[in-house]
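Secondary and tertiary structure notes
Take a look at the letters that make up each chain.
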Amino acid sequence: MTENIFPLEPTAAEAQQAIKEEFAFFGDWSERYQYLIDLGRKLPAFPEQWKKEEHRLLGCQSLVWIVPQGDAQRLDFHAISDSAIVSGLIFLALRVYSGRSAAEILATDPDFIADIGLAKHLSPTRSNGLTALLAFIRDTAQSQRD
């Protein structure tokens, strides 16, 4: 078992609001990218034995591993990437969704992406990877509810 720092806020909606407020402090996208990199460094340690093909997230150009744990009451996600910016994107997604119930995950659209302007500033490959990450989280929550 690995350390889990999520959730940081009581609800997914509060996490999204906190992300929006934090990114509003930065004047330009070079500062926001640096902040993403800094967030990625805060991800909990990811055990080397989890870096297997079965935990690889497909649809990402960089290497991403994700391991879900829990049940419909509480789903925790552990993830890491070999890319600094992608690790920051993972941090944001886990901040919103990890440590939440399947119902809350499924009821929460990833509004933070548009709210902070990520959709306009990510390369197509990073955008595809973020979409794949969010789909994995959602699919996992759905499978727990079924």
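All residue numbers here refer to positions counted from 1 along the written sequence of the relevant chain. The predicted origin of the model limits local features to residues at a pLDDT of at least 70 and limits the giving and counting of side-chain atom pairs to 80 or more, whereas totals for whole chains, interfaces and linings rest on all residues. To get the side-chain values, all heavy atoms of the structure are used, and hydrogens and water are removed first.

1. What about the overall build of the protein chain?
Helix numbers and strand numbers start at the N terminus; a helix is a DSSP run of H or I with at least 4 residues, a strand a run of E with at least 2. Check the secondary structure of the protein chain and you find 7 helices and 2 strands. Overall, the protein chain shows an N-to-C arrangement of helices and strands of α-α-β-β-α-α-α-α-α. Principal-axis analysis of the C-alpha atoms gives the protein chain an extent of 40 × 30 × 25 Å. Accessibility here uses a 1.4 Å probe with only protein chains present; expressed as a share of the type maximum, an area under 20% marks a residue as buried, one over 50% as exposed, and anything in between as partly exposed. Looking at the 146 residues of the protein chain, the share that counts as buried comes to 49%. Should any heavy atoms of two residues lie within 4.5 Å, those residues are counted as being in contact. For the protein chain, the share of sequence-separated contacts (at least 6 apart) that also reach a separation of at least 24 residues comes to 67%. A total of about 7,300 Å² of accessible surface is found on the protein chain, and carbon and sulfur atoms cover 50% of it. When charges are tallied, Lys and Arg are placed among the positive residues and Asp and Glu among the negative ones, while His and the ends of the chain are skipped. Charge coordinates come from a single atom per side chain, which is NZ of Lys, CZ of Arg, CG of Asp or CD of Glu. The averaged location of the 20 negative side-chain charges in the protein chain is 2 Å from the averaged location of its 14 positive side-chain charges. We get accessible surface area from the Shrake-Rupley algorithm with a probe of 1.4 Å; when it comes to residues, only the shown protein chains can shield them.

2. Brief notes about the pairing of strand S1 (residues 64-71)
A strand pair is defined by DSSP finding two or more bridges across the two strands. Pairing of S1 with strand S2 (residues 74-81), which is carried by 8 bridges, proceeds in the antiparallel orientation. What sits directly across from Pro-68, in S2, is Phe-77. The antiparallel hairpin formed by S1 and S2 contains 2 residues in its connecting segment.

3. Here we look at the side chain of Thr-108
As for its placement among the helices and strands, Thr-108 is situated in the loop between helix H4 (102-107) and helix H5 (112-115). In this structure Thr-108 comes out as buried when scored by relative accessible area, which is 10%. When neighbours within four sequence positions are excluded, Thr-108 is seen to be in contact with Ala-12, Gln-16, Val-96, Tyr-97 and Arg-138.

4. Regarding the packing of helix H1 (residues 12-24) against helix H3 (residues 84-97)
Note on definitions: angles span 0 to 180 degrees between N-to-C directions of axes, and those axes are lines fitted to C-alpha atoms, for helices only across the stretch in contact. For the pair H1 and H3, interaxial distance at closest approach is 7 Å and the crossing angle is 145 degrees. Two secondary-structure elements touch here, H1 through Ala-12, Ala-15, Gln-16, Ala-18, Ile-19, Glu-22 and Phe-23 and H3 through Leu-92, Arg-95 and Val-96. Tallied by class, residues from the contact of H1 with H3 come to 7 nonpolar, 1 polar and 2 charged. Gly is placed with the polar residues, together with every amino acid not listed as nonpolar (Ala, Val, Leu, Ile, Met, Phe, Trp, Tyr, Cys and Pro) or charged (Asp, Glu, Lys and Arg).

5. Here we look at helix H2 (residues 29-40)
An α-helical turn contains 3.6 residues, so any two residues separated by three or four positions project in the same direction. Here the expected span of a helix is defined as 1.5 Å times the quantity of residues minus one. End to end, H2 covers 16 Å across 12 residues, agreeing with the expected 16 Å (1.5 Å per residue, within 8%). Tucked into the core, H2 has its buried residues touching H1, H3 and helix H6 (118-121).

In short, the description is geometric, and any link to function would need to be established separately.
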